[in-house]
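# Breakdown of the fold
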Amino acid sequence: MLSYRHAFHAGNHADVLKHFVQVQLHLYMNQKDVAYTYIDTHSGAGVYALDSFQATKTGEFDTGIGPLWNATNVPAALQPYLDLVKGMNPSGKMRYYPGSPYVADQMSRLDDRLRLFELHPADVKILNENVRKAEAHKAEQGERARGKRVIIEHGDGFQSLKKLLPPPSRRALVLVDPPYEVKDDYKKVRDALEEALGRFPSGMYAVWYPVLQRMESRQFPDKLKRLPAKEWLNVTLTVSTPGPDGIGLHSSGMFILNPPYTLEPMLRETMPYLVQVLGKDAGARFTIETGTQVTGAASARLAGEGPRAPVGNARRASPLSGKGSLRLPGQSMVREGEEAKPAAKAPAPRRAWRPDGSAQVKPAAVGQGESRAPAKRPAGAQPRAAGPRPAGKGGKR
């Protein structure tokens, strides 16, 4: 299916989360002098006009970049993203919004390589035109252009990813952002990432996904946690309570494999602000989870062979205030008026954060299928006789 056009959704709250995180990933990659390859599996058009027919028809930018345009007291980590958006609108009027290729072009260094893929014939044509105009503008200003260091291909990013890994420099940032028009997209993302990690396990992989009622969306993060990456981070942003019909995008997430160590504490400082500014009702919140690869018994439970146990540390924001509350591994979300249930034991080591911001790795807890020390019998208690248990009021056991 090729009906999806991102121009209808440009600049919404999901774009804010995606591009804010993308900017931070580029800033981290830029700290090392060695060039890297940026791969965008679903690039879109690259630049979007917020006064176009598509954008004004839905007005979704009013859920994202709109409220942030004149926001004050912006967290320091959010400022580079806002500076980038305002930089492409020198008149001060909010008219254009960047897609992920534009973000990559602006945030990466000149020697870094861009590999952009888009399957939609109309969008790939617009993407080529936008890149050509950007290169021409640089030439007019006397600036050095990327030239062959940016390549656009009309094709399937899932299939094309394998031929680019590992990159020559052994450094790569990959953004996977399909439209999720059909449920097979979730499986394609996981399969593509599994193969990519097999070819290049040290790469940094960022996945955007919608948080929807459909089963594939609800199970998606847990499936990504089982991929063979050393570490993972999952952040979600919800701006309003979903309606009873389940229609509309109220929440989205970014799942990063091999994330920067600086990303998690930075998100904890910035996400409350996004909840406060973009939140529409008491359902607005954010969650952050971090953890390591899930294997063995934990993987089996996540796959449905036993009780489901979330892995990693998570925080849920209280409505609109943006203050996160700690959710321990295995503990369900706590809604208003409910008491927190005891946390289930997590089978894998987890990382906790001390008040000073330093990390502490805690040992694995005992889970199902693992031995436990036998409980001590109270003094004076008689051993239970062997033999069949008599049936009581509850019937046979």
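Calculation notes
Residues numbered from 1 in each chain as written. Predicted model: local features only at pLDDT ≥ 70, side-chain atom pairs only at ≥ 80, totals over all residues. Heavy atoms only, no water. Phe/Tyr/Trp six-rings, centres within 6.5 Å; stacked < 30°, edge-to-face > 60°. Buried < 20%, exposed > 50% of the residue type's maximum accessible area, 1.4 Å probe, protein only. Helix = DSSP H or I, 4+ residues; strand = E, 2+ residues; numbered from the N terminus. Lys NZ or Arg CZ within 6 Å of the ring centre and 35° of its normal. Core = buried A, V, L, I, M, F, W, Y, C linked by side-chain atoms within 4.5 Å. Contact = heavy atoms within 4.5 Å.

## Side note on the packing of aromatic side chains
Under the defined criterion, the tally for this structure stands at seven aromatic pairs. For the ring pair Y180 and Y186, a centre distance of 4.8 Å and an interplane angle of 40 degrees mean the geometry is tilted. The residues Y180 and Y186 share a single accessibility class, namely buried. Ring centres 5.2 Å apart and planes at 75 degrees place the aromatic pair Y186 and F220 in the edge-to-face group. Linking Y186 in helix α8 (residues 184-199) with F220 in helix α9 (residues 215-225), this pair joins segments that are 34 residues apart in sequence. Taken as a pair, Y186 and F220 share a single burial class, namely buried. Directly above the ring of W208 sits K18, whose terminal nitrogen or CZ lies 5.7 Å from the centroid.

## As for the nonpolar core
Within the largest apolar cluster, 85 residues are counted, with the highest numbers of intra-cluster contacts made by I65, Y81 and L267. Beyond its immediate sequence surroundings of up to four residues, L267 is in contact with F20, V21, L233, V235, P272 and I288.

## Overview of unusual backbone geometry
A negative phi angle characterises most non-glycine residues, just as the trans form characterises most peptide bonds. In this structure, P166 follows L165 across a cis peptide bond, with omega equal to -5 degrees. With respect to the element layout, P166 can be found in the loop between α7 (157-164) and β6 (172-176). Of note, the phi angle at Y180 is positive, near 55 degrees, even though the residue is not glycine. Counting through the fold element by element, Y180 comes out in the loop between β6 and α8.

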